[in-house]
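Each chain, written out:
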Amino acid sequence: MSAELHLTFRPDAHLTEVMRLRVQSLQQRGQKGQDGERLLGANEAVYRLDFPRQELSFSRWSAGPVQTGRLSITATSQLWTPDLTNLMTRQLLEPVGVFWRPAGDSDAAAVRCYEADVHELGERIAESARVRKVMYFLFAFADGCGPQAVDCSITFTVDR
């Protein structure tokens, strides 16, 4: 039987703050970002996933809002080095993982998602883990969802 590795997405408060300061600085000077730069929205935050192992296969998600709302997860490519460069749109991976809980759903109801997209995103994360020790994500919160109301993790099978 294969071993499983369960990883939880963690907020990166420092990187989120750095990206918010970039937006604030541009606004104060009345400037726009560089051509193709992806600025952090007010409803977004940076999260990270640290990989203790590199040989992984995607297994399943445990993600989404714990209350009514929508969570969109966008992965960044291995070419983005947040301590050196601004985030550019070309460094965002597709597809975006979208999870939501509609109003009126009971707490026991499963979180909804676009299954094909989130499965493909999980596989792309596993591929990236082969060459990276950490990966960054943009979490976008909507429709009443916020960071305090999100539970998000991903499970991999450890390749032997």
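Structural data are supplied above this passage.
Everything quoted here is computed from the prediction, not taken from an experiment.

A. Region of interest: the overall build of the chain. Secondary structure assignment for the chain yields 2 helices and 9 strands. Shown N-terminal to C-terminal, the secondary structure of the chain runs as helices and strands in the order β-β-α-β-β-β-β-β-α-β-β. A compact globule built from 160 residues would reach a C-alpha radius of gyration of about 15 Å, and the chain, at 16 Å, matches this within 12%. Judged by the C-alpha coordinates and their principal axes, the chain covers about 55 × 40 × 25 Å. Evaluated residue by residue, the chain yields a buried proportion of 43% over its 160 residues.

B. View of the side chain of threonine 16. Inspection of the secondary structure assignment puts threonine 16 in helix H1 (residues 13-28). Apart from residues lying up to four places away in sequence, threonine 16 is in contact with Leu40, Glu44, Ala45 and Val46.

C. Looking closely at the nonpolar core. Among the nonpolar cores identified, the biggest contains 31 residues, and Trp61, Ile125 and Phe139 are the most heavily contacted of them. Residue assignment for this core shows that the elements contributing at least two residues are strand S1 (4-8), strand S3 (44-50), strand S4 (56-62), strand S5 (69-75), helix H2 (115-129), strand S8 (134-142) and strand S9 (153-158). Sorting elements by how many residues they give to this core places H2 first, with 5 residues. Among all residues touching phenylalanine 139, those that are not within four sequence positions of it are Phe9, Asn43, Glu44, Ala45, Tyr47, Leu71, Ser72, Ile73, Val150 and Cys152. With 8 residues, the next largest nonpolar core counts Met19, Leu40, Trp80 and Tyr136 among its residues.

D. Structural context of H2. When the terminal C-alpha atoms of H2 are compared, their 21 Å separation across 15 residues agrees well with the 21 Å that a helix rising 1.5 Å per residue should span. Among the residues of H2, those classed as buried are Val118, Leu121, Gly122, Ile125, Ala126, Ser128 and Ala129. The buried side chains of H2 occupy one side of the element, clustering within an arc of 160 degrees when seen end-on. When the buried face of H2 is taken as reference, the exposed residues oriented beyond 90 degrees from it are Ala116 and Glu127.

E. Fine view of the sheet that holds strand S7 (residues 112-113). Strand order in the open sheet formed by 6 strands is S2-S3-S8-S5-S6-S7, with antiparallel pairing between adjacent strands. Where the open sheet ends on each side, the last strands, each with one partner, are strand S2 (10-11) and S7. Looking at chain direction, S2 and S3 are connected through 2 bridges and run antiparallel. Following the sheet pairing, arginine 10 is matched in S3 by arginine 48. Docked against the sheet, H1 engages S2, S3 and S8, running at close to 145 degrees with respect to S3. The sheet contacts of H2 involve S3, S5, strand S6 (97-101), S7 and S8, and relative to S6 the element is tilted by about 130 degrees.

Thresholds applied
- Residues numbered from 1 in each chain as written.
- Predicted model: local features only at pLDDT ≥ 70, side-chain atom pairs only at ≥ 80, totals over all residues.
- Heavy atoms only, no water.
- Helix = DSSP H or I, 4+ residues; strand = E, 2+ residues; numbered from the N terminus.
- Rg over C-alpha atoms; globule rule 2.2 N^0.38 Å.
- Buried < 20%, exposed > 50% of the residue type's maximum accessible area, 1.4 Å probe, protein only.
- Contact = heavy atoms within 4.5 Å.
- Core = buried A, V, L, I, M, F, W, Y, C linked by side-chain atoms within 4.5 Å.
- Expected span 1.5 Å × (residues − 1).
- Arc of directions from axis to C-beta.
- Pairing = 2+ DSSP bridges.
- Axes fitted to C-alpha atoms, helices over the stretch in contact; angles between N-to-C directions.

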